[in-house]
Amino acid sequence: MAKELTRDTYLSKHVGDFPAEVTIGGRTYVKVDDLRYGTNPHQAACYYKPAGEICAIGDMEILKNGKSGLSQTNLEDISYALNIVKFFDRTACAVMKHVNPSGAAVGLPGESMKSVYLKARDADARAAFGSVIAFNSEVDADTAREIMGTFVECVVAPSYAPGVLEIFNDGETYKLNRHIRIIRCGALSSLPRFVGEAKEIHNTFKVLADGSLVMAQPLLTSLHGIEDLVPAEAENKRCGHQKSTVEATEQQKLDLLAAWYVNLSVRSNGVVIMKDGQTLSVGTGEQDRVGAIEQAIAKFNQKYTGSGTLKDSVMSSDGFFPFEDGVETAAKAGVTAIIAPSGSLRDADVIKRANELGVALYHAPERIFSHH
């Protein structure tokens, strides 16, 4: 008879029989800890770090351990969330759910961490219930109290201000979050951001259904700053030579860059709609490009609880537009600046249509499909 699944099943630890170290490609990985479970409670799991290396995740310190510790799903959400906030010098927050950001935000000048967190959460507050939250800077008391007001699985940050751990440990006041996990990550500077920065230890592994392995270089970008934004330009027989003639504002350029960095951790096909440092919506895992855009717009209309609007927002797309309909759909919703890679036979047609619609279109240096 199958074991009955209860809440205790999800909180208990399913320990497997995993070796203390493994060697892959001549590199040794040492076991960090057994996990609460893998992707699901009936799957045992543990995690390893490369021996002798400084690791933002492998060197994490558990400051408050929820019942039975971390699961594989927690770790994966932590990884993808840190993979977003690592890009920013300003305060940044990523709220992760099922290995996709439900929301992310970057601070504007003078903006508090609490405000940044609320922008990230309220992009999709319903999905943020039971999420993993990552920051790139020290968590303060006001932010901690706000976090404790809704159910959260994990918080991960480089540091916590004095008194903040007492708030996170106050299970009497915040009964819903008595099992919240609070984690101090290792140095975010150890995470590569741009093409050319990765070392061999950053190679990724995908295990196929028969146990075969795919080893690949990590997904990084060549887009370092707004100075790298290049107006879209292409030519074909149908439209001749076309170049984007609409200029994005300075804030829109910052938002385009931020949306691109968030999109690196969105499952393809994915798009990110952003405005004033806040993701307004994230379209994830769609099989067609315009479908991802339609999904993002629908999610904004159904789930967004912040104060922003789609008017004059920006959008990033992890792949090119095969037809003009993607730009048309975004523009109709209020998007006026877009970044996407080139590569379509109809690039010139798309650029021409963007100009007609008053949409600034920039070509990114690479495609950033994340097939996780």
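**Q** Before we move on, can you summarise the overall build of the protein with the specific residues and values?
**A** Across its full length, the protein carries 9 helices and 19 strands. Rg of the C-alpha trace for the protein: 21 Å, near the compact-globule value of 21 Å for 372 residues, within the 12% margin. Each of the three principal axes of the protein carries a C-alpha extent, and together these read 65 × 50 × 45 Å. Looking at the protein as a whole, 52% of its 372 residues qualify as buried.

**Q** Could you give an account of the nonpolar core, naming the residues involved and the relevant values?
**A** Ranked by size, the top nonpolar core spans 51 residues in total, and within it M60 and L82 carry the most contacts. Looking at which element gives the most residues to this core, the answer is helix 6 (residues 250-263), with 7 residues. If we ignore the near neighbours within four places in the chain, the residues touching M60 are Y47, L70, L75, I78, V156, I183, R184, C185 and G186. Core analysis: the next-biggest nonpolar cluster, separate from the first, contains 26 residues, C239, Y304, L310 and A330 among them.

**Q** How would you explain the pairing of strand 7 (residues 131-135) if you had to name every residue and give the values?
**A** Counting buried positions over the 5 residues of strand 7 gives 5, a clear majority of the element. Side-chain alternation along strand 7 places S131, I133 and F135 on one buried face and V132 and A134 on a second face that is also buried. With 4 bridges joining them, strand 5 (residues 92-97) and strand 7 adopt antiparallel strand pairing. Within strand 7, the position partnered with V95 by the bridge is I133. Following the backbone out of strand 7, through helix 4 (residues 141-147) and into the adjacent parallel strand 8 (residues 152-157), one traces a crossover that is right-handed.

The rules behind each value
- Residues numbered from 1 in each chain as written.
- Predicted model: local features only at pLDDT ≥ 70, side-chain atom pairs only at ≥ 80, totals over all residues.
- Heavy atoms only, no water.
- Helix = DSSP H or I, 4+ residues; strand = E, 2+ residues; numbered from the N terminus.
- Rg over C-alpha atoms; globule rule 2.2 N^0.38 Å.
- Buried < 20%, exposed > 50% of the residue type's maximum accessible area, 1.4 Å probe, protein only.
- Core = buried A, V, L, I, M, F, W, Y, C linked by side-chain atoms within 4.5 Å.
- Contact = heavy atoms within 4.5 Å.
- Pairing = 2+ DSSP bridges.
- Right-handed = clockwise from strand over helix to strand, strands pointing away.

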